[in-house]
Structure formats: structure tokens, C-alpha cells
Amino acid sequence: MFRTIIRSLMISRVKKYFVKYHPKLIVITGSVGKTSTKNAIATVLAEKYRVRVHDGNHNMDMSVPPALLGIRYPENARSPLAWLTVLRAMNRRIREPQDVDVIVQELGTDKPGDVSHFATYLRPDIAVVTAVSEEHMEFFKTIEAVAAEELSVAAFSNLTVINRDDISAQYAKYAQTENIDTYGLTDPAEYRLKVEPGSPLDGRMGHIVTPEWGEVPVSLQLVGDHALKAAAAALCVASRCGLTSAEAAVGVSKIRPTKGRMQILRGVERSTLIDDTYNASPLAVTAALETLYSIDTPQRIAILGSMNEMGESSPAAHDAVGQACNPEKLNWVVTIGVDAETYLAPAAVKKGCQVRSFRSPYEAGGFVHSVLEPGAVVLAKGSQNGVFAEEALKVLLHSTEEESRLVRQSAYWMSQKRQQFDAYAGTPPTDE
């Protein structure tokens, strides 16, 4: 009851704020890539506008209202006093002079109906849908149900922008609108990036391609196709928000990876670490592997953690990732977690890969450290609970000062990790 009352009070304040100031609202939904896309859009739009974007991923029913107004989510979400403090801060924000022109906000979902809830108080100017792939399958059951959920944002948005590469045309029926633009890296996309050949670890050159601007050269500081797709989404939104091609090109060149999302870190033995540890799904893992395969290096190692929230599709999803492991491109596949060990590892072994499995990220990182060769490239990818692959990278960092660049390093998360992995201290690895 208390939660319902607080949510209602926060929504009423959001409505008052939008009625008073009319900021442009950009929202992002999708199975993967929401935070990277959100940050990319905010970076590019900042070339012209004052932009508010939350630095975390508060995207659910209780966290979206304060994030929209730039109010910090309470550390103790069970405290009535903390929520009263949030409400007072929202009241102050409504009374203050307008401080932003554009708000960029994620909208998340755990189960059917979560996205449509936001229609009760939001009317986005632009909604960006990043992907349709397996997520929270214990609740959605089918990929069609995921598509219907993620694309339901179109019914209450003025313009819907869809990733043409990662959303099948067969799901278009779930977007209840005719006002649609598309983005991506492939020719069918209306707004796309064309990237010149080169190592993903170096600065890339490419071209923005849009109906309005034609081709415009741009420099890129991003690793992996999914990061480039976020930039493509940003250039589409930029065009629709009135930026010039020059402003968009400068903005795209400023986009940098977000923590835990294809971020490049320095490792021991002159190695390069690709930190993609924030979360994992089959689509994102296979995309990250393809990026790793494209890098010319004497040794490639993939640390792959279990993909949580797969539900009944978990065996098939992990098996598919295992089959995507190429023994000609990988020196080692190192798994973390039960499902990765049970389903992913055997599939990778069957493909011919050399595999070791661990229940703890610390043990996984220690093993990789023991086999690491000078100049190696290590990719780490996995979900959070029961995996926390960022802790494996911590063992491999060139400097402890870079630990602050890893995800989930707060006191709360470190306590969670200790509780989850103390039981596995001393557990021997599984040889595949």
C-alpha cells in the first residue's frame, strides 16, 4: 500500500513538471543495450541542448519518476522517510527554473505489462527500441511475448525508432504506430553507420548515412557492433531533434563506452581487457565474441558467465553460445556459474575449444592470470548474481586504480559478492 501511494505521488509530480516545462522526452526500451544507447543519445544531443540523463540504470516503476526529475533514488528503498525526502526534492525541482531541454530515460521491464504502465503518465517525443531477444524468459516464455512488450512503447510515443539489425520485421505488427524510423549498421536501416575496416581496439573512421545529410565522415571511439548501433540510434535521434550534421558528427565522436559495456581496460602482461560484464544475453554474448574474433592478437580468451533470467530457454541459450565459440579464434573458454558450466561448456568442448569451468569469478580470474600470454586480449561477459565476471577482470588489471572503472564496486555489491562466493573458496575447477 505504501509503495502504491508513493508511486502515485511521484507520478503526479512528474506530470506537473512536464506540464510546466514541456521538456522533450526520449525513452529507450529493448532487450539489450538500453544504457549504452541512452548515454550515446545524451552525449550527441548535448551538442545542442541541455540534457538530463541518469548515470545509472534506474528504469522500473519506482525508479523512473525520480530519475526523470534528476532526483537520486533512495539508498534505503524501504524507508518511508527516504521516500518523503525524494518527494520534497521533486517538489523543489518543480519550483526551480527550468534546467534542461531534453530528458533521456530508460524504461525497463521484468514481465508483461511493465512498459505499458509508463503510458499512464508519459508521452515520449521519441521512443528507441534497441533489440528483441531473450530476456526474463521465466515470465515472458516466448520471444513473441518479448517483442510485444518492448514494442508496446510505440502505442504511446510520437515517433518510434527501431534497431533494424536486431529486431526482425516479423515483429513489426507489435508496434502500434505508422510513425517509425530505423537505424543500424546494415543497408536496410534508414539511419546507419558505415565503418571502415580496422582493429576495434583502435579509433575507427566511418560515415554517418541519413536521408537528410547523405554521407558525413565521423571518427569513432567505440568497440563492437552493439556499441556502434547505439551511436547509430543517437544520430537518428539527433536528426529528428534538429541537430546539424556537423553537430551530430562531433557528438558521435565523443561517445565513449559505459562501465561494463565493451569498455577497454589495460591488463597485466600488456594484455587488453574487454569489459562487457554488466549483463548477458545470447545476442549480446555472440556479438561480443565476434568483436573478439576480429582482433589480431597472439592469444584470445573468453570469460563467459551464466546468463541469468533465461527461464526454460536457459539450456538452449547457453548451448547456442557454446556453439558460437570458435576453437580457431579462442585459446581458452573460461566459464563462471552453474548454467555456463552445465550447458555452455560442453557445447564449446564439442566445437573443439579448450575449456575450464569455475563457480567463482575470483578463481576464474586466477586461472586466466596463470595462462595469460603477453599481448593477449581477454573478453569478459556475464550476468550479475552468481557470476559477477567483473571480479575476474579485477585479478587481471594492470593497476588497482582502474578497479573504480568496473561495475558494481559499491559496499552493497561487494557484500553481495562475498556472501555468494565464500562457499566456493577452494573449490577445484572443472576440466572439460
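Right above here is the structure, for reference.
This section reports on the structure supplied with the text. (Residues numbered from 1 in each chain as written. Predicted model: local features only at pLDDT ≥ 70, side-chain atom pairs only at ≥ 80, totals over all residues. Heavy atoms only, no water.)

Check the secondary structure of the protein chain and you find 15 helices and 16 strands. Radius of gyration (C-alpha) of the protein chain: 22 Å, near the 22 Å computed for a compact globule of 432 residues. Structurally, the protein chain occupies a C-alpha span of about 60 × 55 × 40 Å along its principal axes. Within the protein chain, the proportion of its 432 residues that are buried is 54%. Look at the contacts in the protein chain between residues 6 or more apart in sequence, and 70% of them connect residues 24 or more apart. Here the protein chain has roughly 17800 Å² of accessible surface; of this, 50% comes from carbon and sulfur atoms. Where the 46 positive side-chain charges of the protein chain centre and where its 50 negative ones centre are 8 Å apart. (Helix = DSSP H or I, 4+ residues; strand = E, 2+ residues; numbered from the N terminus. Rg over C-alpha atoms; globule rule 2.2 N^0.38 Å. Buried < 20%, exposed > 50% of the residue type's maximum accessible area, 1.4 Å probe, protein only. Contact = heavy atoms within 4.5 Å. Areas by Shrake-Rupley, 256 points an atom, 1.4 Å probe, with all protein chains shown as cover. Lys, Arg positive; Asp, Glu negative; His and termini not counted. Charge placed at Lys NZ, Arg CZ, Asp CG, Glu CD.)

So, on to the state of the cysteines. Counted under the stated rule, the structure contains 0 disulfides. Of the cysteine sulfurs around Cys236, a residue in no disulfide, the closest is that of Cys241, at 9.2 Å. Classification of Cys236 as buried rests on a relative accessible area of 0%. No disulfide involves Cys353; its sulfur sits 5.2 Å from the nearest other cysteine sulfur, which is in Cys325. Classification of Cys353 as buried rests on a relative accessible area of 7%. (Disulfide = S-S within 2.5 Å.)

Applying the stated rule across the entire model yields 20 salt bridges. Here Asp99 ties to Arg52 by a salt bridge, and the two come within 2.7 Å at their closest N and O atoms. Of this pair, Asp99 sits in the loop between α4 (80-95) and β3 (102-106) while Arg52 sits in strand β2 (residues 51-53), and the two are 47 residues apart along the sequence. You can call Asp99 partly exposed: its relative accessible area is 31%. A salt bridge links Arg359 to Glu341; its shortest N-O distance comes to 2.8 Å. Taken as a pair, Arg359 in the loop between β14 (355-358) and α13 (361-371) and Glu341 in helix α12 (residues 338-351) lie far apart in primary sequence, 18 residues in all. For Arg359, a relative accessible area of 28% gives the class partly exposed. Sharing partners across several salt bridges, the network here consists of Glu390, Glu391, Lys394, Arg408 and Lys417. (Salt bridge = Lys/Arg side-chain N within 4 Å of Asp/Glu carboxyl O.)

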